[in-house]
Number of protein chains: 2
Amino acid sequence: MRATVIYGERDVRLEEVADPILSTGGDAIVRVVAACVCGSDLWPYRGVQPTDEPHRIGHEFVGVVEAIGPDVRTVKVGDFVIAPFYDCDNTCVNCQNGVSTSCLNGGWWGSDDQLGGFADGAQGEKVRVPHADGSLVATPSMPDDAQVPGLLTLADVMGTGHHAAVSAGVTTGSTVVVVGDGAVGLCAIIAAKRLGASRIVAMSRHADRQAVAREFGATDIVEERGEAGVARIRELFDGIGADCVLECVGTKESMDQAIESARPGGMVGYVGVPTGGPIAVRPLFSRNVGLNGGVASVRGYVEELLPEVLSGAINPGRVFDLELPLADVAEAYAAMDERRAIKVLLRP
Amino acid sequence: MRATVIYGERDVRLEEVADPILSTGGDAIVRVVAACVCGSDLWPYRGVQPTDEPHRIGHEFVGVVEAIGPDVRTVKVGDFVIAPFYDCDNTCVNCQNGVSTSCLNGGWWGSDDQLGGFADGAQGEKVRVPHADGSLVATPSMPDDAQVPGLLTLADVMGTGHHAAVSAGVTTGSTVVVVGDGAVGLCAIIAAKRLGASRIVAMSRHADRQAVAREFGATDIVEERGEAGVARIRELFDGIGADCVLECVGTKESMDQAIESARPGGMVGYVGVPTGGPIAVRPLFSRNVGLNGGVASVRGYVEELLPEVLSGAINPGRVFDLELPLADVAEAYAAMDERRAIKVLLRP
């Protein structure tokens, strides 16, 4: 089959690789219907994270089950399934606690699993899923093609935006600021709205993303950043800041922006992979601003969000503004790197 | 009147100072019945925080109202009152949000208030309270002398321990670790127990404090620290750590201990004044461990905790294991500095 391999800075290639084979009894082979490029894939692509040796890449996919091991109970051949951006058994103590990204038996796409097998990267034609029962959620029926982008967001960005909102404690009447206008930040707006936020500020400087933000439920747009951004946010909220701030970037600047935009006693829900180094505690301590979040346990959110995606009540698939064949995966990375696209969907 | 002045490292003196006078209309003069030395007073005492010029010190007191300004409505001359470790109006937006330590009009004992007057330090014979209605809570009747230590803890340590527990989200069935066996850490055990924790581990190496911890509700004691401490805690809790960790020290070591002792998805409630520098985000992010807390808004907790202190349902006054006349304030500091006492109560 063909799958994407990253070789180094700005060097991703679609290559012929070995077909996956069932090996653990509880695994499944899924034929990928759609995959995509994540903002976090850009860290190795840009060389910010070094690529020591070529390896498979991609961690978001939906597809159709092609084969299952003898122990698999919850999905069957022919099912359309959503996979989270990681593999998990959904039964261990951490999964039970709702933190399936810390699954004791889980792993990551594009790497060896704990049983010695290989879990393929998602930007390819097929993926072996080590824990099929724990990881995969089947849709009630075969979705329309137009529903595929929305379903694909449940693999990562919609669940991750939701995690930011849940971690920040967004509830009926909350005032919310979203830092980051990438796919996750935009999905965080959807999440904040459906959780009942009374006012949602999107911090964005790009007209196209501002438009999506408004469509998703943002009530205000703030273009300023840094101290000017903080001043504008505080001006909007009683001079003190917002109840909940959703940090969806991960840099030092975005984290500072988030912390200073929260009101005393407010909470920052953060899901951006941290690339900004250590943070000072005093600005949190002196104003009682909390920090909660992390690697989003999106598997646990699929059941809650899936019906709304299928019914069209929420439309997170809108974050995909470019669709390319898998053969053009290199162009997909370039388009996101150069900000020509918010998020690129790939069809094998 | 006499009041305590700190001059520098290990140099506190009881001196003759000017009597306070009413000045703002909403203020009150309180005759101090009992004050005490706080762990945080030891930072300047030990020279960790430099003392640039001599100033008044002490921020915990209870007393009897001696005079009130014409605008005061909620306390009257002769009332026995509890003051929080800060002054607040209890009406501004931050106070309404439950974060009275960020009161827009508040201030700190031993410094000028925002109206140009002076709020006396608490280790003295009298204190002028700028916002009497916002800051002071009167007891229903004159307490017995034996009740005074417990009431005094509502000025800081009991409320601060409670803040750690509330910030960490302790609720029915929570597993809890308390880092720090000072007065705040011990009160945090009381708080965790009354909020319904199923198991409470006190991290302590001192037999006298372990005894108080057990008395307050600790179910387990862990003496190990650092990596050994983390290993022991994880062993006690399914190999993963506790739901809630209450950080009541503020050093780098104690913060690391707290973060690593929380399970994936757990929450650290921290109230120790941070002295440890910046913290790494990755250990929080990768395991979804949240960090919540700050300068405890104890004013807001007095109404909830006061009846239980008065009834004896909780006995936080037990943290005072030495009582001295105010004239011996220097000895009170030395006893705490040398760990001869957990907490020293001072009677003017």
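Worth saying up front: this structure is predicted, and the values here are computed from it rather than measured.

## So, the relation of the copies chain A and chain B
- When chain A is fitted onto chain B, the two copies agree to an RMSD of 0.0 Å after a turn of 180° and an axial shift of 0.0 Å. Here the copies are linked by what is in effect a two-fold axis.
- Both copies present the same face, since 100% of the interface residues in chain A are matched by interface residues at the equivalent positions in chain B.

## A short note on unusual backbone geometry
- One non-glycine residue with positive phi stands out, namely Asp238(A), at about 55°.
- Within the secondary structure layout, Asp238(A) lies in the loop between helix 8 (226–236) and strand 14 (242–247).
- Look at Asp238(A) and you get exposed, because its relative accessible area is 63%.
- Phi is positive for Arg10(B), which is not a glycine, with a value near 55°.
- Its place among the elements puts Arg10(B) in the loop between strand 1 (2–8) and strand 2 (11–16).
- The class of Arg10(B) is partly exposed, set by a relative accessible area of 44%.

## Description of the domain arrangement of chain A
Residues and elements named next belong to chain A.
- What the domain assignment lists for chain A is domain 1 (2–156 + 298–347) and domain 2 (160–293).
- Computed over C-alpha atoms, the centres of domain 1 and domain 2 are 27 Å apart.
- Counting residues at the interface gives 18 residues for domain 1 and 18 residues for domain 2.
- For the pair domain 1 and domain 2, the two sides together bury roughly 1600 Å², of which 60% comes from carbon and sulfur.
- Our count for the domain 1 to domain 2 interface comes out at three salt bridges.
- Residues Arg318 and Glu215 are paired through a salt bridge, measuring 2.9 Å at the closest nitrogen-oxygen approach.
- Run the count over domain 1 and domain 2 and you get five residue pairs in polar contact (both at pLDDT 80 or more).

## Focus: the interface of chain A and chain B
- Residue-level contacts link 37 residues of chain A with 37 residues of chain B.
- Of the roughly 3000 Å² buried where chain A meets chain B, counting both sides, 60% is carbon and sulfur surface.
- When the buried area of chain A at its contact with chain B is split by residue, Val281(A), Phe285(A) and Asn288(A) rank highest and sum to 23% of it.
- Run the count over chain A and chain B and you get zero salt bridges.
- The interface formed by chain A and chain B contains 14 residue pairs in polar contact (both at pLDDT 80 or more).
- Elements represented by at least two residues in the side of chain A that touches chain B include exactly helix 2 (93–96), strand 15 (262–270), helix 10 (282–285) and strand 16 (290–293) of chain A.
- For the side of chain A that touches chain B, the element with the highest residue contribution is strand 15 of chain A, accounting for five residues.

## A closer look at the packing of helix 6 (residues 183–194) of chain A against helix 7 (residues 207–216) of chain A
All names here are of chain A.
- At a minimum axis distance of 9 Å, the contact between helix 6 and helix 7 shows a crossing angle of 15°. Between helix 6 and helix 7, the angle falls in the class roughly parallel. As for how helix 6 packs across helix 7, the hand of that crossing is right-handed. Two secondary-structure elements touch here, helix 6 through Leu186, Cys187, Ile189, Ile190 and Lys193 and helix 7 through Arg209, Val212, Ala213 and Phe216.

Quick notes on the rules
- Residues numbered from 1 in each chain as written.
- Chains lettered and ligands numbered in written order.
- Predicted model: local features only at pLDDT ≥ 70, side-chain atom pairs only at ≥ 80, totals over all residues.
- Heavy atoms only, no water.
- Least-squares fit on C-alpha atoms with pLDDT ≥ 70 in both.
- Contact = heavy atoms within 4.5 Å.
- Helix = DSSP H or I, 4+ residues; strand = E, 2+ residues; numbered from the N terminus.
- Buried < 20%, exposed > 50% of the residue type's maximum accessible area, 1.4 Å probe, protein only.
- Domains from an automatic or database assignment.
- Buried area = accessible area lost by both parts, 1.4 Å probe.
- Salt bridge = Lys/Arg side-chain N within 4 Å of Asp/Glu carboxyl O.
- Polar contact = N/O pair within 3.5 Å; in protein donor to acceptor, adjacent residues only side chain to side chain.
- Axes fitted to C-alpha atoms, helices over the stretch in contact; angles between N-to-C directions.
- Parallel < 35°, antiparallel > 145°, perpendicular 65-115°, else oblique.
- Left-handed = near helix turned anticlockwise from the far one by under 90°.

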